[in-house]
Amino acid sequence: MRLLGTLAAGVLLHGALQAQVKLPAVFADAEKQTEVMLKAVPEAREGKADLVSPRTIENGKLKLVASRDWTSGFFPGVLWFLYEYTGKSEWQTQARAYTANIEREKTNAGTHDMGFKVYCSFGTGYRLTNDAAYRDIIIQSAKTLSTRFNPKVGCLRSWDHHKEVWGFPVIIDNMMNLELLFEATKLTGDSSFYKIAVAHANTTMKNHFRPDFSSFHVIDYDTVTGAVVKKNTHQGYSHESAWSRGQAWGLYGYTMCYRYTKDPAYLRQAEQIAAFILKHPRMPKDLVPYYDFDAPGIPNEPRDASAAAVIASGLYELSGYSQQAKYYRNTANKIVTNLTKSYRSPIGEDFGFILLHSTGSKPSNSEVDVPLNYADYYYLEALLRGKNK
Ligand code: GLY
């Protein structure tokens, strides 16, 4: 009896996510949805060969994007995650086909989104297959991204658009692209990528955060002096507000930086960001945030399931490094359970997207309360990370 009790407790502790969410069934549903998506994509393409990846639903139609879109790598990543969980060769075949569509981005120096595009597709594929061709594409992409680094500022430039508003904009989202650079140093032994990533993370830590560890969205820099010119938002409620996905990118980003550097300052930063998010009085009970923590109409504001998915995935990783492991893991379990129970699309609907209720950009009334490919990507990543916790 005693042995049985001990075993049962062990299983419960070890498989806490699995006790709340039946992973085989959730992944079986994700496979069904993705099969729907694979049928919907060719129909939505309507002969436009440059449209390669599904992004969202717009005006009742499936919206596809070209490889240059910042979200083009997420659907290939979803396919790789299905391959990772199921081991089925069909998913690898599809993942390879959709990943190949992104390859041309390796020389596109016009954006900082290289990590999102190339690392979520080729990077995930490389982790699972060790394909040497993928390795070369990751390295070339890191070289291209590095050209956007300005040593005076100490950051990679994020956007080239809105030149009339910002001279050298850096957005908190850019923390996510550093993973590609850290990996490129691991693959090549060339420390220049690592040094750029560390400089960017340090400059961002200095200038993007408020005393409460919430972050601004956009910091504009003077490239002559390196000084901060403006602290703005683009997708949040206001310049002074806390845009939820931005807080999620910061949490995930500094946790990932700690993985590669073991710099305790990054761990502390990630923990402080987590505290801001998780203890926020306007965080809903189900831990799926409104699009902005300071949105004036809360509780009648749209949620952002994508932010919740990024937060959950980041917390699972953070739980592997922190003294507060149990708290982070349990919180991630709660988020993933709530997303699974209340935010999934019914099977066969919504063109095969997995999660509903994400918000792209409320201020421009774009992609409000819709499925988004990156919500699905980080949700599946969180499920896979939670599986072994
Ligand atoms: N990186 C753009 C966004 O989070 O919407």
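Colleague: Can you break down the overall build of the protein chain residue by residue, with the values?
Modeller: Along the protein chain, the regular secondary structure elements total 14 helices and seven strands. A compact globule built from 389 residues should have a C-alpha radius of gyration of about 21 Å, and the protein chain, at 20 Å, falls within 12% of that. Expressed along its principal axes, the backbone C-alpha trace of the protein chain runs to roughly 70 × 50 × 50 Å. Counting over 389 residues, the protein chain shows a buried share of 60%. For the protein chain, the share of sequence-separated contacts (at least 6 apart) that also reach a separation of at least 24 residues comes to 64%. A total of about 15600 Å² of accessible surface is found on the protein chain, and carbon and sulfur atoms cover 53% of it. Across the protein chain, the 45 positively charged side chains and the 39 negatively charged ones have centroids separated by 5 Å.

Colleague: So what's going on with the packing of aromatic side chains? Which residues, and what values?
Modeller: One pass over the structure, following the stated rule, counts 26 aromatic pairs. Aromatic side chains Trp159 and Trp166 sit 5.6 Å apart centroid to centroid with 40 degrees between the ring planes, which places their arrangement in the tilted category. The same class applies to Trp159 as to Trp166, namely buried. Taken together, the ring pairs in this structure connect Trp70, Phe74, Phe81, Phe116, Trp249, Tyr252, Tyr374, Tyr377 and Tyr378 into an aromatic cluster. The ring centre of Tyr290 lies 4.8 Å from the NZ or CZ of Arg303, which sits over that ring.

Colleague: Account for the side chain of Asp292, naming residues and giving values.
Modeller: Within the fold, Asp292 resides in the loop between helix H11 (264-278) and helix H12 (305-319). Within polar-contact distance, the side chain of Asp292 engages the backbone nitrogen of Asp294 at 2.8 Å. Residues in contact with Asp292, not counting those within four places in the same chain, are Gly236, Tyr237, Ser238, Ser241, Ala242, Trp243, Ser244 and Ile298.

Colleague: I'd like a rundown of the environment of Ala184, residues and numbers included.
Modeller: By secondary structure assignment, the location of Ala184 is in helix H8 (residues 178-188). Considered as a pair, Ala184 and Arg68 are 116 residues apart in the sequence and their alpha carbons are 21 Å apart. Sequence-distant contacts of Ala184, defined by excluding residues within four places in its chain, comprise Ala142, Gly189 and Phe193.

Colleague: I'd love a proper account of the confidence of the model for the protein chain, names of residues and values included.
Modeller: Here the protein chain shows a mean pLDDT of 95. Residues at 70 or above account for 96%. Confidence over residues 1-14 falls short of pLDDT 50; this stretch has two contacts with residues more than four positions distant or in other chains.

Colleague: Go over the pairing of strand E6 (residues 218-221) with me, naming the residues and quoting the values.
Modeller: The alternating pattern of E6 places Val218 and Asp220 on one face and Ile219 and Tyr221 on the opposite face, and all of these are buried. Bridging between strand E5 (residues 169-171) and E6 involves three bridges; their strand directions are antiparallel. Considered in E6, the bridge of Ile171 is made with Val218. Taken together, E6 and the strand that follows it, strand E7 (residues 228-232), pair antiparallel across an intervening segment of six residues, in which Gly226 is found at a positive phi of about 80 degrees.

Colleague: Account for the sheet that holds E7, naming residues and giving values.
Modeller: Taken in spatial order, the three strands line up as E5-E6-E7 in an open sheet, and their pairing is antiparallel. Taken across any chain shown, the strands that pair with only one partner, and hence form the sheet edges, are E5 and E7. Adjacent strand axes in the sheet meet at a mean angle of 20 degrees when their direction is disregarded. In this sheet, E7 lies alongside E6 in antiparallel orientation, the contact comprising four bridges. Bridge pairing in E7 places Val218 opposite Asn232.

Colleague: Break down helix H3 (residues 23-45) for me, with residues and values.
Modeller: Every α-helix carries 3.6 residues per turn, so stepping three or four residues along brings you back to the same face. For H3, spanning 23 residues, the distance from its first C-alpha to its last is 32 Å, which sits close to the expected 33 Å at 1.5 Å a residue. The positive-phi residue at the C-terminal boundary of H3 is Glu46, with phi of around 45 degrees.

Colleague: Account for the environment of Phe193, with residues named and values stated.
Modeller: Note that Phe193 resides in helix H9 (residues 192-207). With 47 residues separating them in the primary sequence, Phe193 and Ser146 have C-alpha atoms 7.0 Å apart. Those residues in contact with Phe193 that sit more than four places away from it in its chain are Ala142, Lys143, Ser146, Leu181, Ala184, Thr185 and Thr188.

Colleague: Account for the site of the ligand, naming residues and giving values.
Modeller: As a structural note, the neighbourhood of the ligand is formed by Trp70, Asp173, Gln235, Trp243, Arg245 and Trp249. Within the side chain of Gln235, a nitrogen or oxygen atom sits 2.7 Å from an oxygen atom of the ligand. Separating an oxygen atom of the ligand from a side-chain N or O atom of Arg245 is a distance of 2.6 Å. When the ligand is considered free in solution it has 200 Å² of accessible area, and contact with the protein chains removes 93% of it. Residue composition of the shell around the ligand, grouped by class: three nonpolar, one polar and two charged.

What counts as what
- Residues numbered from 1 in each chain as written.
- Predicted model: local features only at pLDDT ≥ 70, side-chain atom pairs only at ≥ 80, totals over all residues.
- Heavy atoms only, no water.
- Helix = DSSP H or I, 4+ residues; strand = E, 2+ residues; numbered from the N terminus.
- Rg over C-alpha atoms; globule rule 2.2 N^0.38 Å.
- Buried < 20%, exposed > 50% of the residue type's maximum accessible area, 1.4 Å probe, protein only.
- Contact = heavy atoms within 4.5 Å.
- Areas by Shrake-Rupley, 256 points an atom, 1.4 Å probe, with all protein chains shown as cover.
- Lys, Arg positive; Asp, Glu negative; His and termini not counted.
- Charge placed at Lys NZ, Arg CZ, Asp CG, Glu CD.
- Phe/Tyr/Trp six-rings, centres within 6.5 Å; stacked < 30°, edge-to-face > 60°.
- Lys NZ or Arg CZ within 6 Å of the ring centre and 35° of its normal.
- Polar contact = N/O pair within 3.5 Å; in protein donor to acceptor, adjacent residues only side chain to side chain.
- pLDDT = per-residue confidence, 0-100.
- Pairing = 2+ DSSP bridges.
- Axes fitted to C-alpha atoms, helices over the stretch in contact; angles between N-to-C directions.
- Expected span 1.5 Å × (residues − 1).
- Near = heavy atom within 4 Å.
- Nonpolar A, V, L, I, M, F, W, Y, C, P; charged D, E, K, R; others polar.

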